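Here are the chains, one letter per residue:
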Amino acid sequence: MVASTETNGTALIELQGVTKVYGEGQAAMRALAGIDLRIEQGDFVAIMGHSGSGKSTCLNILGCLDSPTGGSYRFQGVEVSQLTRDQRARLRRYYLGFVFQGYNLLKRTSAIENVELPLIYRGVPARERHAIARRTLAAVGLEGWESHSPSELSGGQQQRVAIARAIIADPSVLMADEPTGNLDTARSEEIMDLLCRLNREAGITIVMVTHEADMAEYARRIVHFKDGRIESDQKNGRTD
Amino acid sequence: MLWNTLLLALREIRRNVMRSFLTVLGIVIGVASVITMVTLGNGATQHVTTQIASMGSNLLMVTPGRRMGPGQQGMAPAFKNEDAQAIAREIGSVSAVAPVSTGAATAIFGNENWSTSVTGTTSEFIALRNMALESGRNFTTSEAHAGAAVCIVGQTVREKLFGSQDPIGQRIRLGALSFQVIGLLEAKGQSMGQDQDDLVIVPLRTFQRRISGNQDVRLIQVSVRDGDATEKAQQAIRLLLRDRRRLAAGEEDNFQVMDTKEISTMLTGATQVLTGLLGAVAAVSLVVGGIGIMNIMLVSVTERTREIGTRLAIGALEREVLLQFLVEAVALSSLGGLFGILLGLGASFGLKSVLQVPFVFDPGIAIIAFLFSAAVGVIFGYFPALKAARLDPIEALRHE
Ligand SMILES: Nc1ncnc2c1ncn2[C@@H]1O[C@H](COP(=O)(O)OP(=O)(O)OP(=O)(O)O)[C@@H](O)[C@H]1O
Ligand SMILES: [Mg+2]
């Protein structure tokens, strides 16, 4: 399955000529120089590229955290730039899960409280919230660590809390920016297995930024960025 | 959502107990002083009211000066002894009349001296004022007439001059004249920081001749016979005095005849003005406290920019973030208010014995103070909360 299946109507995610320029005038910095990208429901995409090639910038735009300077971004056929701030917040709340490069867990807040945060904004009652959060933490292998705060957890454990928080509300898409960036090989493989399982069993579409080829191998599709452009976009040979 | 937000806010406050406390210190002090002022003020008012009511409802107080409040007496001529005598003679419903003049003097006995207040009056005064003699006797009519050098002393004067000695029959010096002590008053205690036992009573005529050197009477106390209407007596005295002071038909009274209700209004009026004034000063400190809260909330927004970014990225709406910070500010200021109320009530309770006023708890003022401090939280928390809510998610996440 190659990315260009333009025939079958609306894709889950569709970027057309997306550009992003930081700064103005002399200091202007073109981080994205025209990105065309289609991602179908259920896909598992790895984005690779050199440092500074625009991977994070692109993922932030996909995650509706940042807005592009030019071009169009459609999510389920809806033009995101036309949405209000609150509508975009709702989109993030109900459809997107985000694993940040630096985890961004709330300090001095227990793992379970971190994980249940998206459910608070969805208005899930406390008791139900705790039960789901407990289950989700167990799913990422953190049973028994519920009451530990981030400072009492290892890097890999924090990463898994961040993943648990991103998937707790059953998002359509999980965006992960270097989810294994700070982990050793064994831990990285655990995380990748978890992502594969979420993709396969829960049908969650995954877009993952990585610069490790080993990790990209887990994906179904690998997109290479270079200087703010897509250099290559291939189906991954791996079968599972 | 609101409940969750409140829990979240309380958790945030608990996390920084020391800082939270220092933040709301301004509010705590402001509210505590308002509560203390008002509670003590109410206590003082009640004290004055009950004390005057205990004098009996049939008491009238006649003072020179226009009806404009205290401090205006100098503008009108004082009364003379004859005015008091005329009231006693011509108004049938009056049972007792005591003209009063007061001044300060140093009382000397042996090596001891004590500066005290001297009251010149008649023998009716003691009963009229609800005082009683512990030992000795009152003036006789002939002593009063003759202006004899005799005096009655209060307990404080006795203690300062005579120690444990019996004062009756001793001679003390007041100004240039030597007086024989013929009576000792019973202790009355403190009233609103004033020692009611620190006085010497002498016959009015003696006072006028030997101490003040003039014939002025500053106050005439009148008691109306039980069963007779006070208002009628009041009116009769008014007409009599207008006549005696030769006021023309259109002229205003240059004296006042007050009943106990009016007396207590006059006396408590001053405390109430003072209470209001101090309350206003305290309110200023509430505003200062509000600025403190705003400052800390702004710091907190900056410190927690990444947290706000995370919340926004997860899908928090602008107004949810706004609400979170607003609730935090209000929770903070309300807790400060609550603490201030308790502190204020504690302080009033502690001061009540020092100031000799009863403890009068007014739930109304406690509620107002609480609402006011909550309002301070809303007003001064709004701007920082808005700042937090308006943050751009990606900018906030990048914040170091
Ligand atoms: N907020 C910003 N302001 C200005 N320039 C920025 C900003 N964010 C990113 N850039 C620039 O945009 C370019 C792309 O950045 P981006 O973070 O997308 O790179 P990346 O591919 O994620 O790199 P890495 O692998 O190091 O994370 C970089 O040259 C960077 O300097
Ligand atoms: Mg990056």
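Relevant structure appears above.
Residues numbered from 1 in each chain as written. Chains lettered and ligands numbered in written order. Predicted model: local features only at pLDDT ≥ 70, side-chain atom pairs only at ≥ 80, totals over all residues. Heavy atoms only, no water.

(A) How the structure looks around the sheet that holds strand S6 (residues 96–99) of chain A. Residues and elements named next belong to chain A. Judged by pairing direction, the sheet is mixed, and its six strands sit side by side in the order S6-S7-S8-S3-S9-S10 without closing on themselves. Two strands lie at the open edges of the sheet, namely S6 and strand S10 (229–235), each paired on one side alone. Between one strand and the next, the sheet's axes are offset by a mean angle of 15°, whatever the strand orientation. The pairing of strand S9 (residues 221–226) with S10 spans six bridges and is antiparallel. Within the sheet, the bridge partner assigned to Phe-225 lies in S10 and is Ile-230. Against the sheet, helix H5 (residues 155–167) engages S6 and strand S7 (173–177), with an angle of about 170° to S6. (Pairing = 2+ DSSP bridges. Helix = DSSP H or I, 4+ residues; strand = E, 2+ residues; numbered from the N terminus. Axes fitted to C-alpha atoms, helices over the stretch in contact; angles between N-to-C directions. Contact = heavy atoms within 4.5 Å.)

(B) Quick peek at the site of ligand 1. Taken together, 14 residues are adjacent to ligand 1, and Ser51(A), Gly52(A), Lys55(A), Ser56(A) and Thr57(A) come closest. Close to ligand 1, residues of chains A and B are found. Take Gly54(A): an N or O atom from its main chain is 3.0 Å from an oxygen atom of ligand 1. Elements with a minimum of two residues in the shell around ligand 1: strand S2 (29–39) and helix H1 (55–62) of chain A. In terms of residue class, the shell around ligand 1 is built from three nonpolar, eight polar and three charged. (Near = heavy atom within 4 Å. Polar contact = N/O pair within 3.5 Å; in protein donor to acceptor, adjacent residues only side chain to side chain. Nonpolar A, V, L, I, M, F, W, Y, C, P; charged D, E, K, R; others polar.)

(C) Representation of the pairing of strand S7 (residues 177–185) of chain B within the structure. Residue and element names in this part refer to chain B. Examined bridge by bridge, strand S4 (residues 133–136) and S7 share three bridges and lie antiparallel to one another. What sits directly across from Ser-135, in S7, is Leu-184. Taken together, the four bridges between strand S5 (residues 150–153) and S7 define a ladder with parallel strand orientation. Paired with Ile-152 across the two strands is Gly-183, which belongs to S7. Note: strand S6 (residues 171–174) against S7, four bridges, orientation antiparallel. Bridge pairing in S7 places Arg-171 opposite Gln-180. Connecting S6 to the antiparallel partner S7 that follows it, the hairpin turn spans two residues, and Gly-175 within it adopts a positive phi of roughly 65°.

(D) Focus on the packing of helix H2 (residues 85–95) of chain A against helix H10 (residues 305–314) of chain B. Here H2(A) crosses H10(B) at 80°, and the two axes come no closer than 7 Å. What the angle tells us is that H2(A) and H10(B) run roughly perpendicular. Contacts between H2(A) and H10(B) involve Arg85(A), Arg92(A) and Arg93(A) on the former and, on the latter, Leu312(B), Ala313(B) and Ile314(B). The class makeup of the residues in the contact of H2(A) with H10(B) is three nonpolar, no polar and three charged. (Parallel < 35°, antiparallel > 145°, perpendicular 65-115°, else oblique.)

(E) Focus on the sheet that holds S2(A). Residue and element names in this part refer to chain A. With antiparallel pairing, four strands are arranged side by side in an open sheet as S2-S1-S4-S5. Of all strands in the sheet, those with a lone pairing partner are S2 and strand S5 (78–79), marking the two edges. Where H1 meets the sheet, it contacts strand S1 (13–22), S2 and strand S4 (70–75), and its direction lies at approximately 125° from that of S1.

(F) Focus on the interface of chain B and chain A. If you look at the interface, chain B gives 27 residues, while chain A gives 24 residues. Summing the contributions of chain B and of chain A, the shared interface buries around 2,400 Å²; its carbon and sulfur component is 49%. Taken together, chain B and chain A are joined by three salt bridges. Here Glu113(A) makes a salt bridge to Arg11(B), at a shortest N to O gap of 2.3 Å. Put simply, chain B and chain A have 11 residue pairs in polar contact (both at pLDDT 80 or more) between them. Looking at the side of chain B that touches chain A, the elements that each hand over two or more residues are helix H1 (2–15), H10, helix H11 (318–355) and helix H13 (393–398) of chain B. For the side of chain B that touches chain A, the leading source of residues is H10(B), giving seven residues. A breakdown of the residues in the side of chain B that touches chain A according to their chemical character gives 11 nonpolar, five polar and 11 charged. (Buried area = accessible area lost by both parts, 1.4 Å probe. Salt bridge = Lys/Arg side-chain N within 4 Å of Asp/Glu carboxyl O.)

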